[in-house]
Amino acid sequence: MSFVIVQVIVGGLLLGAVYALFSSGLTLVWGMMNIVNFAHGDFVMLGMYAAFVVFTLFGVGPLGGVPFATLLLAAIGVVVYFALIRDIMKGPMLAQILGTFGLALLLRYSVFWWFGADFLSLPQNIVGGTLAFWGLRIEAARLLAGIVALLVTLGLHLLLTRTALGSRMLAVAEDPTAAQLMGIRPDSMQAIAWAIAAGATGLAGALIATFFYIVPTVGETLGIVAFVTVSLGGFGSVPGALVAGLLIGVIEQLSGYLIGAVYKDIVVYGLFLSFLWFRPQGLMGKNS
Amino acid sequence: MKFGHLLRLACAATVAAALAGTAQADDKVVKIGAIFPMTGNAASAGIHAKYAIEVALDIINNAHPELADLPLAKNAGLAGLGGAKVEVVFADNQGSPATGQNQALRLITEEKVVALVGAYQSGITLTASAIAEKYGIPFLTPESVAANLTERGFKWFFRTTPIATDFVGVYYDFLMGMKAQGAKVDTVALVHDNTEYGTSVAGTLAAGFKEKGLTILDIGYVSNATDVQSQVLQLKEKKPDVVLMISYTSDAILFAKTMQAQDYKPPLLLADDAGYSDPSFLKAVGKLSQGAFNRSAWSVGPPGSPSAIIADMYKKKSGDEMDDTAGRDMQGFFVLVDAIDRAGSTEPAKIQAALKATDLKPSQLMMGYKGVKFDEKGQNILASAVIIQLQDDGATYLTVWPKTNAVKPPALPYKGW
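This one's a predicted model, so the numbers in the text were calculated from it and none came from an experiment. (Residues numbered from 1 in each chain as written. Chains lettered and ligands numbered in written order. Predicted model: local features only at pLDDT ≥ 70, side-chain atom pairs only at ≥ 80, totals over all residues.)

Chemist: Hey, could you go over the sheet that holds strand E3 (residues 115-118) of chain B for me, with residue numbers and the actual values?
Modeler: Residues and elements named next belong to chain B. With parallel pairing, five strands are arranged side by side in an open sheet as E2-E1-E3-E4-E5. A single partner strand is all that each edge strand has here, and the edge strands are strand E2 (85-92) and strand E5 (157-159). Neighbouring strand axes in the sheet, compared pairwise and without regard to direction, differ in orientation by 25° on average. The pairing of strand E1 (residues 29-36) with E2 spans eight bridges and is parallel. Each residue of the ladder has a partner; that of Ile32, found in E2, is Val88. (Pairing = 2+ DSSP bridges. Helix = DSSP H or I, 4+ residues; strand = E, 2+ residues; numbered from the N terminus. Axes fitted to C-alpha atoms, helices over the stretch in contact; angles between N-to-C directions.)

Structure, rendered in structure tokens:
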């Protein structure tokens, strides 16, 4: 019994890494620009379809799918910023919510119209199959996604804290007017932030597609977890999203195994709410 | 304002013409409402239901002498209503019981349909049919199997498909048949989601099996799961003899993938239709689920037989082979329209009476039921099913049980991949 628990925890960590991977983009956008992007899950869904298209047309797995999806989604991110986000940011909160929600529906049903309702799938063992060692079974696809999650988190964190570009982005987040006075263009910084965030979702989607099913509504299924992960981790904190994701993954798996799957959401959200009650800024958010 | 006056006159004239036009159309068209999931995770099933009904409409509205035994196929349109054509208004339930209910209301009050068919998910059939009951409009479900749908004392609700209480008998007889061949079938794990469908079918099967002396292991999960590793690990640990899957498509796919990742093959895997019949499931993970058993009332006969002709028509329209669920949708729709034809009227009370008097013989059906006859609860007491098995190509199901219907003997143990 005790050894199966190790498998459960390992599974939880891998699942959590996946949650962290597709939440990293959201925390960047939410923390930096105070925009709640309801279309976030659907960006991930687009990344999944991009990887599928690359596979169908060229027979290439993640090696081709990931760069393509990342660049495609980054481009979409820039377009969305200039076409929609820049304007709704000037409006009230309701405009932002409805705007991104409308975008989510537009993306979801365009994909529905183009690809149909069928569940699509990349071949089962496109990334190596399952690794078995020390009595554990770890899907190579999930392990890859987990490692990439760590790298992406590290990369984004270094970008924000150690580079000039990162400092400029944070400056715009803190005070757009002051940043403008310092010669930083808020428009460009925010567009870059959207491009990076969307690129991260494309990367996440392309990797997740190697082991999850692909369907237009998958954004809905995964999206809500992204919001919980970002809130728990702290808005704007990329390392926070990683820790929160891992935590949620492990708690979800453990409670699903020990208590029963139908109760795991109660445990996760119960702990989530109690934690926020004590520390509203999340694990690593700044004290407001 | 002379122009304004002229414009108003023109509008009034157009409206009058349109209304007159509609009034004329009313005599020649019978409108039926169909509520199915066209979006959401069960959309694949809903869209295949739409194809099935469209094929049925082709058969009803046009003359098909080659299907002469099926009522309504010989003539074009409904003979009982002077050749009137049938028109279906499809509504999307979006996978939500509340939306299904609203759509039922809209179809009845605005589209003025004379009957309703749907809604795939038992939880949505529950709410949508409650509206139909309130307005006195017949509601026929061709495929929702939750037992309680016919336990509400409704007068306007009818169901053609076999249901969970029927499956207790079908599954138990099948398992005993496998036991006679040497398989161990004492512990049955019921893997089910937490919707109306999963909960009620699991409950009915558990009660029925326990009564017959089997041990039950209940593995519930939340539908539209992001991950099912814990459940598969529980199964791996507890080692049940039989795993009975009661899942919609998205979760069925996740379970198939996770079982392969965790290298778990139950000795016998039996699926309660739903996800496992969806062509999407077969395309995505059929190759990982070889040897899975399933229930069905659909089988294709020899070339030239009605079922073969219909299978062909369906394949042309949808691009996929007919599956059991789409077949049940088509059959239910035929039964409903046949009742309207026999009623000779679109008055709800007359249709209700005609439905109650339904007595179709097996030769008049395209599904393998023993007939269609409704009891006082609205349930078809002649509904039945056989057991089919997914072949090694991961794409074809063949009937394997009972022996009288079997095309091939059942293969054990479960092959998987």
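Chemist: How would you explain the packing of helix H3 (residues 62-88) of chain A against helix H8 (residues 186-208) of chain A if you had to name every residue and give the values?
Modeler: All names here are of chain A. In contact at an axis separation of 6 Å, H3 and H8 are set at 145° when each is read in the N-to-C sense. Crossing handedness for the pair H3 and H8: right-handed. The class makeup of the residues in the contact of H3 with H8 is 20 nonpolar, eight polar and two charged. (Left-handed = near helix turned anticlockwise from the far one by under 90°. Nonpolar A, V, L, I, M, F, W, Y, C, P; charged D, E, K, R; others polar.)

Chemist: Residues and numbers for the domain arrangement of chain B, please.
Modeler: One widely used convention gives an interface's size as the accessible area the parts lose upon coming together. Residue and element names in this part refer to chain B. Looking at the assigned domains, one finds that chain B contains domain 1 (9-162 + 302-364) and domain 2 (165-296 + 386-401). Spacing between the C-alpha centres of domain 1 and domain 2 amounts to 30 Å. Each partner contributes to the interface: domain 1 provides 18 residues, whereas domain 2 provides 19 residues. For the side of domain 1 that touches domain 2, the elements supplying multiple residues, two or more each, are helix H2 (43-61), helix H4 (122-135) and helix H11 (324-343). (Domains from an automatic or database assignment. Contact = placed C-beta atoms within 7 Å.)

Chemist: So what's going on with the interface of chain B and chain A? Which residues, and what values?
Modeler: Each partner contributes residues to the interface: chain B has 33 residues there, and chain A has 29 residues. Secondary structure elements with two or more residues in the side of chain B that touches chain A: H2, strand E7 (215-221), helix H7 (229-238), helix H8 (249-261) and helix H9 (279-285) of chain B. The leading source of residues in the side of chain B that touches chain A is H8 of chain B, at seven residues. When the residues that make up the side of chain B that touches chain A are grouped by side-chain class, the tally is eleven nonpolar, 17 polar and five charged.

Chemist: Lay out the sheet that holds strand E6 (residues 187-193) of chain B in plain terms, naming residues and giving numbers.
Modeler: All names here are of chain B. Reading across the sheet, the seven strands line up as E7-E6-E8-E9-E10-E11-E12 and stay open at both edges, with mixed pairing between neighbours. Edge positions in the sheet fall to E7 and strand E12 (397-401), since each of these pairs with one other strand and no more. Each strand of the sheet is rotated relative to its neighbour by a mean of 30°, with strand direction disregarded.

Chemist: Give me the lowdown on the nonpolar core, citing residues and values where you can.
Modeler: Ranked by size, the top nonpolar core spans 229 residues in total, and within it Leu21 and Met48 of chain A together with Leu244 of chain B carry the most contacts. It is helix H1 (residues 2-33) of chain A that provides the largest number of residues to this core, a total of 16 residues. For this core, the domains that each give at least three residues are domain 1 (9-162 + 302-364) and domain 2 (165-296 + 386-401) of chain B. With sequence-adjacent residues up to four places away left out, Leu21 of chain A is seen in contact with Ala145, Val148, Ala149, Val152, Ala204 and Leu207 of chain A. (Core = buried A, V, L, I, M, F, W, Y, C linked by C-beta atoms within 7 Å. Buried ≥ 20, exposed ≤ 12 C-beta atoms within 10 Å, placed from the backbone.)

Chemist: Residue-level account of the pairing of E3 of chain B, with values.
Modeler: All names here are of chain B. Judged by which residues are buried, E3 turns out to be covered on both faces: Ala115 and Val117 on one side and Leu116 and Gly118 on the other are all buried. Bridge count between E1 and E3: four bridges; the pairing is parallel. The partner of Gly33 across the bridge, within E3, is Leu116. The pairing of E3 with strand E4 (residues 139-141) spans two bridges and is parallel. Across the sheet, Val117 pairs through a bridge with Leu140, a residue of E4. In terms of handedness, the path from E3 via H4 over to E4 forms a crossover that is right-handed. (Right-handed = clockwise from strand over helix to strand, strands pointing away.)

Chemist: Kindly report on the pairing of E1 of chain B, identifying the contributing residues and their values.
Modeler: The buried fraction of E1 of chain B is high, at six of eight residues. Read from E1 of chain B through H2 of chain B to E2 of chain B, the crossover connection turns out right-handed.

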